[in-house]
Amino acid sequence: MSAAVSYVPDSAAGLPISLSRVEKSFGRLNVLANVDLEIPAGQFLAVVGRSGGGKSTLMRLIAGLDAPGSGRVEIGGRKVGRLHPSVRLLFQEARLVPWQRVIENVGIARGPDWREKARRTLADVGLEGRGGDWPSVLSGGQRQRVALARALVSEPQILLLDEPFGALDALTRIEMHRLLEGIWADRGFTTVLITHDVAEAVALADRVVVLREGAVALDIGIDLDRPRRELADPRAVDLQRQILDAV
């Protein structure tokens with residue numbers, strides 16, 4: 001197992017995440033086995049593995065949507081018992097409310113000045129001026145941008161992403177990669193990306209963990225310059241090979 005190299009943006013405003021001897025089973029199926037993981041505040045971590053390897057379960061434990069069978073999950077030094085107020089999630093499906101306009105989807109939690117905050121966040125994701133549209137007229141990539149804006153509007157300290165770009169075409173996926181990388185570098189929230197795509201993990205993360213049969217099989221730093229545009233770089237190719245060998 002390689003030692004992970006930690007990169008944290010200058011403007012880091014995230015929270016650290018800690019998993020200590022975490023195990024999780026469903027009936028007789030042991031999904032996570034004695035997982036230890038320290039994620040520094042502001043780090044961009046990608047978790048890679050095969051289907052059924054425990055990736056989404058790990059994310060749900062961090063989010064507080066499930067409790068571990070044993071072990072401890074902490075955010076900011078405090079045990080996670082429910083969904084943390086500074087955590088937001090983004091899934092493969094945008095999950096927009098069809099009977100509300102774009103700006104209302106982004107500001108769905110409402111609160112003080114929600115409309116102005118939603119407008120600013122839509123501008124951050126490249127959808128300035130689209131707040132009055134219905135979700136049905138948007139492309140798949142645009143709907144996912146709205147979902148990202150909805151996750152970011154409350155300025156979370158941790159963003160959890162579960163295969164968020166898996167349903168997008170190749171060009172739109174690259175656009176979303178660049179958008180997310182830029183916003184993360186600017187805001188400094190801690191990010192955990194769940195993905196099957198090794199190239200995506202190397203393109204976005206500064207650290208990759210491979211889960212295999214519920215255990216950490218590889219923990220490796222991605223020491224590549226940002227912004228990342230050329231994954232044909234021999235260093236990127238070698239990193240992808242190491243990750244694929246461990247999956």
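Residues numbered from 1 in each chain as written. Predicted model: local features only at pLDDT ≥ 70, side-chain atom pairs only at ≥ 80, totals over all residues. Heavy atoms only, no water.

Q: Which residues make up the packing of aromatic side chains, and what values do they have?
A: For the coordinates displayed, the defined rule picks out one aromatic pair. Consider the rings of Phe-44 and Trp-184, whose centres lie 5.5 Å apart with planes at 75°: the pair is edge-to-face. Within this pair, whereas Phe-44 is found in strand β3 (residues 44-48), its partner Trp-184 is found in helix α5 (residues 170-187), the two being separated by 140 residues in sequence. Note on Phe-44: relative accessible area 0%, which makes it buried. The cationic tip of Arg-95 hangs over the ring face of Phe-91; the distance from NZ or CZ to the ring centre is 4.0 Å. The ring of Trp-114 carries the charged tip of Arg-110 above its face, separated from the ring centre by 4.3 Å. (Phe/Tyr/Trp six-rings, centres within 6.5 Å; stacked < 30°, edge-to-face > 60°. Helix = DSSP H or I, 4+ residues; strand = E, 2+ residues; numbered from the N terminus. Buried < 20%, exposed > 50% of the residue type's maximum accessible area, 1.4 Å probe, protein only. Lys NZ or Arg CZ within 6 Å of the ring centre and 35° of its normal.)

Q: Give a detailed account of helix α7 (residues 234-246), specifying residues and quantitative values.
A: Think of an α-helix as 3.6 residues a turn; residues three or four steps apart then line up on the same face. The end-to-end C-alpha separation of α7 is 19 Å, in line with the 18 Å expected for 13 residues at 1.5 Å each. Inspection of α7 places Ala-236, Leu-239, Gln-240, Ile-243 and Ala-246 among the buried residues, and these make up the whole buried set. Around the axis of α7, the buried residues are gathered within 125° of arc, so they sit on the same side. Every exposed residue of α7 that faces more than 90 degrees away from the buried side is listed here: Pro-234, Leu-244 and Asp-245. Those residues of α7 that are buried lie in contact with β3, α6 (198-204), β9 (207-212) and β10 (215-221). Where α7 starts, the residue carrying a side-chain oxygen 2.7 Å from the main-chain nitrogen of Arg-235 turns out to be Asp-233. (Expected span 1.5 Å × (residues − 1). Arc of directions from axis to C-beta. Contact = heavy atoms within 4.5 Å. Polar contact = N/O pair within 3.5 Å; in protein donor to acceptor, adjacent residues only side chain to side chain.)

So far we have only geometry, and geometry alone does not tell us how the molecule works.
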